[in-house]
Amino acid sequence: MSTITFKGVASDTLGIMITKTPVPPCQQQGYETIYIPDGPVLYNDKKIRENVSIIVEAAITDMSKFRQIYSHFQGHGNLILSGESDKYYKAICRPLTPENIAASLKLIVLEFECESYAYAVSNDPVEITVNDYNLEVGGSYFCKPVYEVYGSGNISLIVNNTESLLTLYNVDEHVTVDTALLMCHKDGVNVKSSGFLPFLNVGTNRIQFTGNVTKIEITKNERWL
């Protein structure tokens, strides 16, 4: 039996039974078509991916939980489909069925508007204490990790090649490098840095550093299209 888990709560514990299995979406790259009079047709990569929609149809099997169902399936949270239990979507839920109709038919349709990527449920940080470390990254698309760099003084972080070199200045105990938020900070306060924020590719990534480094913890944030 198919289930969904939203905000950490499985659908079967809320008294609903999934009647139509959601299909994991795959968002395509967005392109803009440019027409040139008497010339070739050009395609411009828009560099963005639109959100995807996941529609869930379910039967209400426990009417005593009717209010709880409508209260739970709203707002934003992580969505997990039982067919891909190792991945989650960052989603906003909107019940499509009005409450009076759902109560009468004992049926409900939910729409989840999701970011275009699925993320790994298992996302524990990897601790690195040796220089020149090979880090394996799964998924199907480059990811935006978080680095916790522990040490002191000026520290350089090099990922895959010298072109992806990030230098952190005057490190005091630790610095967080958040490539998704595009910032380097200590407890929310920006720290001085220069260079490039290092993303991670699918496959093997070479991690190097210079300076007085105690350890580096990397939360990979693996993702799939």
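Residues numbered from 1 in each chain as written. Predicted model: local features only at pLDDT ≥ 70, side-chain atom pairs only at ≥ 80, totals over all residues. Heavy atoms only, no water.

## Re the overall build of the chain
Thought 1: For the chain, the helix and strand inventory stands at two helices and 18 strands.
Thought 2: C-alpha extents for the chain along the principal axes are approximately 65 × 60 × 30 Å.
Thought 3: Residue burial in the chain is summarised as follows: out of 225 residues, 38% are buried.
Thought 4: A separation of at least 24 residues holds for 69% of the contacts in the chain among residues at least 6 apart in sequence.
Thought 5: Separation between the mean location of the 18 positive side-chain charges and that of the 25 negative ones in the chain comes to 3 Å. (Helix = DSSP H or I, 4+ residues; strand = E, 2+ residues; numbered from the N terminus. Buried < 20%, exposed > 50% of the residue type's maximum accessible area, 1.4 Å probe, protein only. Contact = heavy atoms within 4.5 Å. Lys, Arg positive; Asp, Glu negative; His and termini not counted. Charge placed at Lys NZ, Arg CZ, Asp CG, Glu CD.)

## What to know about the side chain of S156
Thought 1: Among the secondary structure elements, S156 is positioned in strand β12 (residues 146–159).
Thought 2: Polar side-chain contacts of S156 include one of 3.0 Å to the side chain of T167.
Thought 3: Residues in contact with S156, not counting those within four places in the same chain, are L165, L166, T167, Q208, F209 and T210. (Polar contact = N/O pair within 3.5 Å; in protein donor to acceptor, adjacent residues only side chain to side chain.)

## With respect to the side chain of K220
Thought 1: Positionally, K220 belongs in the loop between β17 (203–219) and β18 (223–224).
Thought 2: A polar contact is formed between the side chain of K220 and the backbone oxygen of E136, at a distance of 2.9 Å.
Thought 3: Setting aside anything within four residues of it in sequence, one finds K220 in contact with N123, V126, L135, E136, V137, C143, K144, P145 and L200.

## Notes on the pairing of strand β6 (residues 52–60)
Thought 1: With four bridges joining them, strand β3 (residues 16–20) and β6 adopt antiparallel strand pairing. From the neighbouring strand, I16 faces β6, where its bridge partner is I60.
Thought 2: Direction of pairing for β6 relative to strand β9 (residues 107–120): antiparallel, over a ladder of eight bridges. For S53, the partnering residue across the bridge sits in β9 and is E113. (Pairing = 2+ DSSP bridges.)

## A word on the pattern of salt bridges
Thought 1: Inspection of the entire model under this criterion finds seven salt bridges.
Thought 2: Among the ionic pairs, E113 bridges to R94, the shortest N-O distance being 2.9 Å. Placement of E113 in strand β9 and of R94 in strand β8 (residues 87–95) is noted, with a sequence separation of 19 residues between them.
Thought 3: For E113, a relative accessible area of 30% corresponds to the partly exposed category.
Thought 4: A salt bridge links E217 to K215, with the nearest nitrogen and oxygen atoms 3.1 Å apart.
Thought 5: Among the charged side chains, a salt-bridge network with shared partners connects E127, K215 and E217. (Salt bridge = Lys/Arg side-chain N within 4 Å of Asp/Glu carboxyl O.)

## Focus: the state of the cysteines
Thought 1: The tally for this structure, following the rule as stated, stands at zero disulfides.
Thought 2: Note on C114: no disulfide assigned, nearest cysteine sulfur contributed by C93 at a separation of 9.3 Å.
Thought 3: Among the residues examined, C114 registers a relative accessible area of 1% and is labelled buried.
Thought 4: C143 forms no disulfide, and the closest cysteine sulfur to it belongs to C184, at a distance of 17 Å. (Disulfide = S-S within 2.5 Å.)

## Quick look at the environment of S71
Thought 1: As for its placement among the helices and strands, S71 is situated in helix α1 (residues 66–72).
Thought 2: Judged by its relative accessible area of 47%, S71 falls in the partly exposed class.
Thought 3: Measuring from C-alpha to C-alpha, the distance between S71 and V191 comes to 41 Å, with 120 residues separating the pair along the chain.

Read these as spatial facts, not as claims about activity.
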